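# Structural overview
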Amino acid sequence: MKYVLVTGGVVSGLGKGVTASSIGLLLKACGLRVTSIKIDPYLNTDAGTMSPFEHGEVFVLDDGGEVDLDLGNYERFLDIKLTRDNNITTGKIYQASCAFHFTPLFSVIDRERKGDYLGKTVQVVPHITDAIQEWIERAAQMPVDGKPGPADVCVIELGGTIGDIESMPFIEALGQFSYRVGAGNFCLIHVSLVPVLNVVGEQKTKPTQHSVRGLRSLGLIPHLLACRSTTALDENVKVKLSQFCHVPRENIITLYDVPNIWHIPLLLRDQKAHEAIFKVLNLQSIATEPDLEEWTSRAELADLLHEPVRIAMVGKYTGLSDSYLSVLKALLHASVAQRKKLFVDWIAACDLEDATAKENPDAYKAAWKLLKGADGVLVPGGFGDRGVQGKILAAKYARENRIPYLGICLGMQIAVIELARSILGLKDANSTEFDPQTKNPCVIFMPEGSKTHMGGTMRLGSRRTFFQTMDCKSAKLYGNKTFVDERHRHRYEIVELRNHPYYIGAQFHPEFKSRPGKPSALFSGLIAAACGQLDSLLLQGSENKRIIPMAAGTIDTQTAIIYQNGTATKASNGTLDGIYSICNGVH
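The name given to the chain in an unreviewed UniProt entry is CTP synthase, with the source organism recorded as Morus notabilis. Looking at the chain in UniProt, the text filed under Function (unreviewed entry) is "Catalyzes the ATP-dependent amination of UTP to CTP with either L-glutamine or ammonia as the source of nitrogen." Among the UniProt annotations of the chain, the heading Pathway (unreviewed entry) holds the following wording: "Pyrimidine metabolism; CTP biosynthesis via de novo pathway; CTP from UDP: step 2/2."

What follows is the structure, given as structure tokens:
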């Protein structure tokens, strides 16, 4: 097994995750099998309870792991399926016990309680550092590409910035690990910043020099430098960095600003990063030149698109786009596939509410102007009741004005609540999350869910849901398959409104399985409907059966179709006059 470690310096947010994903893609394009590991030094066991404002979106894996958003980048770039064990946190290393995908692995505290250390003083070195190394070695051996046996290369990203106090045990462990696996099996790529000061217009190398010095003082020696800058590095800057950082000039790569991140693997290829990595890992004899023809075509196509499609994103966390990163990527994948240039209009849901009209009329008018100018409306998932009324108003606007609508998780529940209120006349219809005393609960807590603990208490991961009717857009978009395997972060249903150009809500999260070359079916439907191309897409999906899986129950009304998990033929949580069948769980 060969290992490539990606670290970051100077500041956070440089794009280590995209860099690590691009390196993995480049190596895969050279014929190697690649897996990935993300190390997050925080004390949380996983990302499940973290606010999107704090850490971006929570990405959900097939096995139900709630992980850092960078694992989403790995999956999208490499087209692989990772597990929760591919995300290491300080909490996992210390916690009472954990289970590996294949082999039980007890954490340090659990081992100490069992007496495995034979009375010794349990310390960061060697016990914590040994546990980290053991985790890396075991996770790297797990196949993630659907083929038997381990990968050839494991790309490891160390979260945070060199010098962070919480990273120290991991840096020490990785320093030991580099000696443990030996020269020729370990390559370190350091991502750093080379800023350009507007006052002098000169690329400054001092931040990177200090970052590399700090890295070397901790026992890690970089083999390549990936330098983030607004423009390509000048040759004299590379020479200076090589001299002060002790890295060969040809191993200094520029990652300058590009129109879209699909160009990053191409930048690495054009600067022969793969050849530098092969030299460090002694892979020159088996690796081939990277085959990135399809990837290059897609990246160039994305730059040339000019015909717009505008999607209104009505959400709670609109102040940080990373909160909805996978949703944005799924929209992009679908837009490029439909040859349209994507424009996302961010609308804070609360700005659509009547209270805002009184308190901040300008924000209210601006929000409604964006909503009314959109070709399609998307309401993503979220927690809590803030902005719920605004989302309901957005769903109502889309329904009444026949604007394509896609609701994901909470967005699906919003569509059901709005329908119950407006069409069924149940004025107080609501979710028990928002109103525990509502007389007409459309959405209730899952019976097995916990109301006292938040982490890992939801229905998570890949779940199979069956169609009970094929006479709907959703089934056609999934290639007329009888079931769908999608990733959930709560419940199972999908709802579709009849006699509407496109009005679909799904409890699962189709964005998590969208790929650049294989866009999500429901996102493709939204974009196609917004562009007036849904009929041709449905015909294509029906004839080619391009995508598989999907979802479940139906009700025979003139208003809506409901699908539910499994093969049940009756509502398990009651009905709303035959319109709404089951929606258990809280979002």
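Its 14 residues place the ends of helix H7 (residues 168–181) 20 Å apart at the C-alpha level, agreeing with the 20 Å of an ideal helix rising 1.5 Å per residue. Residues of H7 that are buried: Phe170, Ile171, Ala173, Leu174, Gly175, Phe177, Ser178 and Val181. Note on H7: the residue one or two positions beyond its end, Gly182, has a positive phi of about 90 degrees.

Along the chain, Arg421 turns up in helix H17 (residues 410–422). As a buried residue without a salt bridge, Arg421 has its nearest oppositely charged side chain in Asp435, at a separation of 7.1 Å.

For helix H15 (residues 361–372), which comprises twelve residues, the first-to-last C-alpha distance of 16 Å matches the rise-based estimate of 16 Å (1.5 Å per residue) to within 8%. Ala363, Ala367, Trp368 and Leu371 are the residues of H15 that are buried. Along the long axis of H15, the arc covered by the buried residues comes to 125 degrees, so they all point the same way. The exposed residues of H15 that point more than 90 degrees off its buried face are Asp362, Lys365, Lys369 and Lys372. Where H15 is buried, its residues touch strand E14 (308–315), strand E15 (341–348), helix H14 (354–359), strand E16 (376–379) and helix H16 (388–400).

Moving on to unusual backbone geometry. In this chain, Val125 is followed by Pro126 through a cis amide linkage whose omega measures 15 degrees. By secondary structure assignment, the location of Pro126 is in helix H6 (residues 124–141). With a phi close to 55 degrees, Asp79 is a non-glycine residue in the positive phi region. Residue classification places Asp79 among the partly exposed positions, given a relative accessible area of 38%. We note that Leu118 has phi near 55 degrees; this positive angle belongs to a residue other than glycine. Look at Leu118 and you get exposed, because its relative accessible area is 76%.

Considering all chains together, one arrives at 23 salt bridges under this definition. For Lys38, the salt bridge goes to Asp40, with nearest N and O atoms at 3.0 Å. Across the pair, exposure class does not vary: Lys38 and Asp40 are buried alike. In this structure, Asp270 engages Arg269 in a salt bridge whose closest nitrogen and oxygen atoms are separated by 3.0 Å. For Arg269, a relative accessible area of 23% translates into the label partly exposed. Linked through salt bridges whose partners overlap, the residues forming this network are Lys38, Asp40, Asp68, Asp70 and Glu157.

Inspection of the entire model under this criterion finds eight aromatic pairs. A centroid spacing of 4.8 Å and a plane angle of 80 degrees characterise the contact between Tyr3 and Phe177, whose relative ring orientation is edge-to-face. Here Tyr3, found in strand E1 (residues 2–8), pairs with Phe177, found in helix H7; they are 174 residues apart in sequence, far enough to count as distant. The same class applies to Tyr3 as to Phe177, namely buried. With 4.7 Å between their ring centres and 20 degrees between their planes, Tyr405 and Tyr503 make a pair best called stacked. Separated by 98 residues along the polypeptide, Tyr405 in strand E17 (residues 405–408) and Tyr503 in strand E23 (residues 503–506) bring together distant segments of the chain.

In this section: the packing of helix H13 (residues 325–337) against helix H19 (residues 521–530). Their axes nearest at 8 Å, the elements H13 and H19 cross at an angle of 60 degrees. By the angle class used here, H13 and H19 are oblique. At the point where H13 passes H19, the crossing takes the right-handed sense. Contacts between H13 and H19 involve Val327, Ala330, Leu331, Ala334 and Ser335 from the former and Phe523, Ser524, Leu526 and Ile527 from the latter.

Predicted coordinates in areas of low pLDDT are best not read in detail. The share of residues in the chain with pLDDT of 70 or more is 86%, and the mean pLDDT across the chain is 84. Contacts from residues 452–457, a stretch scored under 50 in pLDDT, to residues over four places away or in other chains number six contacts. Confidence over residues 542–587 falls short of pLDDT 50; this stretch has 176 contacts with residues more than four positions distant or in other chains.

Below, the discussion takes up the nonpolar core. Core analysis: the biggest nonpolar cluster contains 53 residues, and Val4, Ile23, Leu27, Cys187, Ile189, Leu268 and Ile277 have the highest contact counts within it. Among the elements that make up this core, the one with the highest residue count is helix H1 (residues 16–29) (seven residues). Not counting residues up to four positions away in its chain, the partners in contact with Val4 are Ile23, Leu27, Val153, Cys154, Val155, Ile156, Cys187, Ile189, Ile277 and Leu281. Core analysis: the next-biggest nonpolar cluster, separate from the first, contains 35 residues, Ile347, Trp368, Leu371 and Ala394 among them.

Most of strand E12 (residues 224–229) is tucked away: five of the six residues are buried. Sheet topology places strand E9 (residues 186–193) next to E12; five bridges connect them, and they run parallel. Residue pairing for E12: His190 is matched across the bridge by Leu225. For E12 and strand E13 (residues 252–256), the ladder comprises five bridges, and the chain directions are parallel. Its bridge partner lying in E13, Arg228 is registered against Leu255. At this point the chain moves from E12, through helix H9 (residues 235–245), to the parallel E13, and the crossover so formed is right-handed.

Our focus in this paragraph is the sheet that holds E12. On the basis of which strands lie adjacent, the open sheet formed by seven strands has the order E5-E2-E8-E1-E9-E12-E13 and parallel pairing. Lying at the two open borders of the sheet, with one neighbouring strand each, are strand E5 (87–89) and E13. Pairs of neighbouring strands in the sheet enclose a mean axial angle of 20 degrees, with direction left out of account. With respect to the sheet, helix H8 (residues 206–217) is in contact with E1, E9 and E12, its orientation differing from that of E9 by roughly 145 degrees.

Tracing the chain through its elements places Ser21 in helix H1. Residue classification places Ser21 among the buried residues on the basis of a relative accessible area of 0%. A distance of 3.4 Å separates the side chain of Ser21 from the backbone nitrogen of Tyr74, its partner in a polar contact. Once residues lying within four places of it in the same chain are set aside, the contact partners of Ser21 are Asn73, Tyr74, Phe77 and Leu78.

Parameters and conventions
- By convention here, each chain's residues receive numbers from 1 onward along its written sequence.
- Only residues with pLDDT of at least 70 are given local features in this predicted model, and only at 80 or more are side-chain atom pairs given and counted; all residues enter the totals for whole chains, interfaces and linings.
- In computing side-chain values, all of the structure's heavy atoms are included and hydrogens and water are not.
- UniProt positions are given in the numbering used here, feature names are shortened, and annotations may be inferred rather than shown by experiment.
- For helices the rule is a DSSP run of H or I covering at least 4 residues; for strands it is a run of E covering at least 2, with both sets numbered from the N terminus onward.
- Given a helix with a known number of residues, its expected span is that number minus one, times 1.5 Å.
- Per-residue accessibility, obtained with a 1.4 Å probe over protein chains only, is compared with the maximum for each type, and a residue is labelled buried under 20%, exposed over 50%, and partly exposed between these values.
- Positive: Lys, Arg. Negative: Asp, Glu. His and the chain ends are not part of the count.
- Whenever a carboxyl oxygen of Asp or Glu lies within 4 Å of a side-chain nitrogen of Lys or Arg, that contact is scored as a salt bridge.
- By arc we mean the arc of the directions from the helix axis to the C-beta atoms, nothing more.
- Note on contacts: a residue pair qualifies if any of its non-hydrogen atoms lie within 4.5 Å across the two residues.
- For this analysis, a ring pair means two rings from Phe, Tyr or Trp (six-membered ring only for Trp) whose centres lie within 6.5 Å, classed as stacked if their planes differ by under 30 degrees, edge-to-face if by over 60, and tilted for the remaining angles.
- To get an axis, a line is fitted to the C-alpha atoms, and for a helix only the part in contact is used. The angle between two axes follows their N-to-C directions and goes from 0 to 180 degrees.
- Under this scheme an angle from 65 to 115 degrees is roughly perpendicular, one under 35 degrees roughly parallel, and one over 145 degrees roughly antiparallel; angles in between are oblique.
- With the far helix as reference, a near helix turned anticlockwise by less than a right angle produces a left-handed crossing, and one turned clockwise produces a right-handed crossing.
- How sure the predictor is of each residue is captured by pLDDT, a score from 0 to 100.
- We call a set of buried residues a nonpolar core when its members are Ala, Val, Leu, Ile, Met, Phe, Trp, Tyr or Cys and they connect through side-chain atoms within 4.5 Å of each other.
- By the convention used here, strands pair only if DSSP detects at least 2 bridges between them.
- When the strands point away from the viewer and the path from the first strand over the helix to the second turns clockwise, the crossover is right-handed.
- Pairs of N or O atoms are called polar contacts if they sit within 3.5 Å, as long as, within protein, a hydrogen donor faces a hydrogen acceptor (for residues adjacent in sequence, only side-chain-to-side-chain pairs).

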